[in-house]
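# Observations on the three-dimensional arrangement
Single-letter residue listing:
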Amino acid sequence: MAPQPAAQTNTVLDALDITPHPRPFKSPSWKPTARRTKTLKQILSDATRSQTATQNNSGTSTPLLPVIIQPMGATYANIESAPSLHPAHCKRWCDITGLPANYTDPKTKLRYTNQEVYAAIRMLPPGAADKYLELRGANVILK
């Protein structure tokens, strides 16, 4: 097979090429601004720096107390949010396998997935079911 000459062009690629088409949505005089976004760490350090500069310039010897901002409710950055009440998050999981559990053993109160796991629960030694309940946080301690 002979190589194709370089002068021959591919018409499909020429039809799909977008470089020669005008772009009226682009302004040729546009230039990006010199302003950059700041991270939270930079904003807090700038605020601390300006606060200490104000304190040093005012001549007061008493230190300014840092302002603690309390978040109002659950936010993206707040870990201490309440658990979800959505039904999809309230699934019950098997204590033995970790699979979704539809059943609960009435004797031991362990959740299980199928008959095989139920048979394994019935074969557990005394006190082992309490350990599984303790892992889940559902154990009852009577004093």
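Please read these numbers as outputs of a predicted model, since none were measured by experiment. Every chain is numbered on its own, with residues counted from 1 as its sequence reads. With the structure being a predicted model, the display of local features is reserved for residues of pLDDT at least 70 and the display and counting of side-chain atom pairs for 80 or more, all residues being used for whole-chain, interface and lining totals. Heavy atoms throughout the structure, all of them, feed into the side-chain values; hydrogens and water do not.

## Thoughts on the pattern of salt bridges
To keep it simple, the criterion reads: A side-chain nitrogen of Lys or Arg and a carboxyl oxygen of Asp or Glu constitute a salt bridge if their distance falls within 4 Å. Remark: exposure states derive from per-residue accessible area (1.4 Å probe, protein chains only) relative to the maximum for the residue type, with buried under 20%, exposed over 50%, and partly exposed in between. Labels follow the DSSP assignment, with helices taken as runs of H or I lasting at least four residues and strands as runs of E lasting at least two, numbered in each case from the N terminus.
What the rule picks out here adds up to four salt bridges. In this structure, K38 and D46 form a salt bridge, with 2.8 Å as the shortest nitrogen-oxygen distance. Judged by its relative accessible area of 52%, K38 falls in the exposed class. By relative accessible area, D46 is classed as partly exposed at 27%. The salt bridge involving D46 is made with R49; its shortest N-O contact spans 3.0 Å. On the criterion of helical spacing, the pair formed by D46 and R49 is a turn pair, its members being three residues apart in helix α2 (residues 40-58). Each of K38, D46 and R49 takes part in one network of salt bridges that share partners.

## Here's the deal with the environment of Y118
Heads up, the rule is: Here, two residues are considered to be in contact whenever any of their heavy atoms come within 4.5 Å of each other. Polar contacts, as used here, are pairs of N or O atoms within 3.5 Å; protein pairs need one atom able to donate a hydrogen and one able to accept it. Residues neighboring in sequence count only if both atoms are side-chain atoms.
For Y118, the location among the structural elements is in helix α3 (residues 115-122). Classification of Y118 by relative accessible area gives partly exposed; the value is 28%. In this structure Y118 touches D105 and Y112, once residues within four positions along its chain are discounted. Side chain to side chain, Y118 and R122 meet in a polar contact 2.8 Å long.

## With respect to the UniProt feature "domain: Vps72/YL1 C-terminal" (unreviewed entry) in the chain
Put simply, the rule reads: UniProt positions are given in the numbering used here, feature names are shortened, and annotations may be inferred rather than shown by experiment.
Here, the residues flagged by UniProt with the feature "domain: Vps72/YL1 C-terminal" (unreviewed entry) are residues 92-121. For residues 92-121, the end-to-end C-alpha separation is 17 Å, with 23% helix and 13% strand making up the annotated structure.

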